[in-house]
Amino acid sequence: MTDHTEPNAVVRICAGSAGDDARATAEAARAAADGVRVVDTGPTGVGGDAPLVLATRRGETTFYRGCGPERATRVVEALEGGEVEPGDATVEHDAERRTLPVPEDGPLSVGRRRVLARCGWVDPVDAAAVDEWATDVAGDADANDADNANDVIELVRSVGLLGRGRGDATPDGPIATEWDAARETDGDPVLVVNANESDRRNETDRTLVEGDPVAVLDGALAVADLVGVETEDIVVYLNEADALAGDRMRAAVDSLVDARDLDEEPQVVTGPDRYIAGEPTMALEALEGNDRLEARLRPPSPARHGLYGRPTLVHTPRTLAQVRELLLRPDNFDAGDADPGTRLVTVTGDVDAPATVELSTGGSLSSVRDAVEFAGPLKMACVGGQFGGFTRTLEHTPSVPALAGAELGTEGVVELFDDSRCAVATAGGRSRFARDENCGRCVPCREGSKQLLNKLRGVYDGEFDDDGLRELTRVMRTTSTCAFGSSAARAVTTAMDQFETEFRAHADGRCPSGACEEA
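1. Overview of unusual backbone geometry
- Cis rather than trans, the peptide bond between Arg298 and Pro299 has omega equal to 0°.
- By the secondary structure assignment, Pro299 is in the loop between α9 (280-287) and β9 (312-315).
- Omega for the peptide link from Gly376 to Pro377 comes to 0°, which places this bond in the cis form.
- By secondary structure assignment, the location of Pro377 is in the loop between β11 (355-360) and β12 (378-383).
- Of note, Asp172 is a non-glycine position whose phi angle comes to about 65°, a positive value.

2. Notes on the sheet that holds strand β7 (residues 234-239)
- Within the open sheet, the four strands sit side by side as β8-β7-β6-β9. Their pairing is parallel. The strands lining the two open edges of the sheet, one partner per strand, are β8 (267-271) and β9. Looking at each pair of strands side by side, their axes are set apart by 25° on average, direction ignored.
- In this sheet, β7 lies alongside strand β6 (residues 190-195) in parallel orientation, the contact comprising five bridges. Opposite Asn194, over in β7, you have Tyr237 as the bridge partner.

3. Remarks on the packing of helix α14 (residues 466-479) against helix α16 (residues 490-498)
- It is the contact of α14 with α16, at a shortest axis distance of 10 Å, that shows an interaxial angle of 145°. As for how α14 packs across α16, the hand of that crossing is left-handed. Where α14 abuts α16, its residues Leu469, Arg470 and Thr473 lie against Val492, Thr493, Met496 and Asp497.
- Tallied by class, residues from the contact of α14 with α16 come to three nonpolar, two polar and two charged.

4. What to know about the side chain of Glu197
- With respect to the helices and strands, the residue Glu197 is situated in the loop between β6 and α6 (204-211).
- At 2.9 Å, the side chain of Glu197 forms a polar contact with the backbone nitrogen of Asp199.
- Residues contacting Glu197, with those up to four places away along its chain left out, are Arg166, Asn202, Arg206, Asn239, Asp242 and Tyr275.

5. Considerations on the nonpolar core
- Ranked by size, the top nonpolar core spans 54 residues in total, and within it Trp179, Val223, Ile234 and Leu313 carry the most contacts.
- When near neighbours in sequence (up to four residues on either side) are disregarded, Leu313 contacts Glu178, Trp179, Ala182, Val190, Leu191, Val192, Val223, Val227 and Ala303.
- In terms of nonpolar packing, the next biggest core, distinct from the first, is built from 49 residues, Ala434, Met476, Ala489 and Val492 among them.

6. Here's the deal with the pattern of salt bridges
- Tallied over the entire structure, the rule returns 40 salt bridges.
- Asp180 is paired through a salt bridge with Arg157; the nearest N and O atoms lie 2.5 Å apart. In this pair, Asp180 is assigned in helix α5 (residues 175-184) and Arg157 in helix α4 (residues 146-159), connecting sequence segments 23 residues apart.
- Residue Arg157 is classed as partly exposed on the basis of its relative accessible area, which comes to 34%.
- Between Arg329 and Glu325 there is a salt bridge, with its nearest N and O atoms 2.9 Å apart.
- Arg329 gets classed as partly exposed once you look at its relative accessible area, which sits at 27%.

7. Overview of the packing of helix α12 (residues 423-437) against α16
- Taken N-terminus to C-terminus, the directions of α12 and α16 make an angle of 165°; their axes are 8 Å apart at the nearest point. It follows that α12 is roughly antiparallel to α16 by the angle criterion. Helix-helix and strand crossings are classified by hand; for α12 and α16 the assignment is left-handed. Taking contact as the criterion, the partners of Ala423, Ala427, Arg430 and Ser431 in α12 are, on α16, Ala491, Val492 and Ala495.
- Classifying every residue of the contact of α12 with α16 gives five nonpolar, one polar and one charged.

8. Some words on the environment of Ser366
- Inspection of the secondary structure puts Ser366 in the loop between β11 and β12.
- The partly exposed category is assigned to Ser366, whose relative accessible area is 27%.
- Excluding its chain neighbours within four sequence positions, the residues that come into contact with Ser366 are Leu394 and Glu395.

9. With respect to the packing of aromatic side chains
- Applying the stated criterion across every chain yields a total of six aromatic pairs.
- Summarising the aromatic geometry, the rings of Tyr275 and Phe387 are spaced 5.7 Å apart at their centres and angled 75° between planes, so their arrangement reads as edge-to-face. Taken as a pair, Tyr275 in the loop between β8 and α9 and Phe387 in the loop between β12 and β13 (389-391) lie far apart in primary sequence, 112 residues in all.
- Given a relative accessible area of 9%, Tyr275 falls into the buried group.
- With 6.0 Å between their ring centres and 65° between their planes, Phe387 and Phe433 make a pair best called edge-to-face. Note that Phe387 is positioned in the loop between β12 and β13 and Phe433 in helix α12, a separation of 46 residues in sequence.
- You can call Phe387 buried: its relative accessible area is 2%.
- The class for Phe433 is partly exposed, based on a relative accessible area of 22%.

Each value, and the rule that gives it
Residues numbered from 1 in each chain as written. Predicted model: local features only at pLDDT ≥ 70, side-chain atom pairs only at ≥ 80, totals over all residues. Heavy atoms only, no water. Helix = DSSP H or I, 4+ residues; strand = E, 2+ residues; numbered from the N terminus. Pairing = 2+ DSSP bridges. Axes fitted to C-alpha atoms, helices over the stretch in contact; angles between N-to-C directions. Left-handed = near helix turned anticlockwise from the far one by under 90°. Contact = heavy atoms within 4.5 Å. Nonpolar A, V, L, I, M, F, W, Y, C, P; charged D, E, K, R; others polar. Polar contact = N/O pair within 3.5 Å; in protein donor to acceptor, adjacent residues only side chain to side chain. Core = buried A, V, L, I, M, F, W, Y, C linked by side-chain atoms within 4.5 Å. Buried < 20%, exposed > 50% of the residue type's maximum accessible area, 1.4 Å probe, protein only. Salt bridge = Lys/Arg side-chain N within 4 Å of Asp/Glu carboxyl O. Parallel < 35°, antiparallel > 145°, perpendicular 65-115°, else oblique. Phe/Tyr/Trp six-rings, centres within 6.5 Å; stacked < 30°, edge-to-face > 60°.

So this is what it looks like as structure tokens:
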């Protein structure tokens, strides 16, 4: 049995896959430690702080940003001597605190950390240290007791919790609807935790899997109980390139099986490091072992006909973390909100280091600038990842209705670009990706992406076919089989809307930003 009684002092080394320097820092801290406990935690999400070291003593935590091995050694030695090495910030808190204490200012203070609350503070794979379980809430009302399960699912339905991320089978839609479909469909249901994200702009799900995989699994087990999925039919689907995420998820599964005394355990598998492999139905294709990944027609949804024909729920770690938060703390969710809960957002682009923050859906995207070092000036932002939309302003709320109304994406990425960037070239690069990486199944996406890129190349030759571009993007948006094709044109349409003068300037043979040699 692990002893979870915190000693007088503990040093935490916060590290994820993006923090290779933290390994040397952790080794130095452990080498110097004698009466101080050193804990490897997951990432906080703020890349600019790495390696981040936290020193806690008697209800007070000091933060050391960019902490190398020498400084880490001094931190440990000072604690062993009953002192505290001066740091970058200090927070007083309850000595029994189970979540990351947050400084009053700086990147960690941006937004509100709810599903990220344990990231950077806990041993990410120690299930025995968890105080509260969504599984207990769901277990008291599981699918074997239909009336009680209905009560809990009704809570999720009445709140209107929406799926998060392109890897979710219900992106931006009410997840309870899919749960109902899976429960009504004959066959043994499956739950896929879709954590295969190859877009390195987006660190949202990766931060959760590396920082708090036990919470993701708890959310998955809770959903499984409610829908009637056996534990061994929970499949955690990771990207083969995410070695640390895989190691931590497998260790978390082992720890959870022991802590919860489970008879069976969830499966952990990996899929290709390809953008299309994260799309929900192509994720199922990969799980079935198909070499050629193609999007499946919908309807039927995976909840009706999914993995090997079985009713299948496909949720991202972000969605499951929100479910866990809702079951444990329903008062944090307002059924009157159009998009209840919080949204994870990775801020990247022309910044010193990316940061993943958690925003209230009633707040403003403009707050993300406080999470990163961005010299600016801000020329434009791309909101929504690979196929996000361009905007000149961040004065948008990060809720689904607001972002959709502004033709921006909800994937959980905000890229900040300075005035050295060319809107035409940036949109063109995303169109080239669409042409090269689509699965090839449907004509609107396969041929449309080729035509889209050709028309953008035509701009450099003096042919800005505004009407033709807009008609092409309309066809792609409305007739493509999956979200790849329907969203691939968004970068072009929003770039034209926001920067029409730049498109016309390129047609006249000049690039206002000076970034395009062809112009």
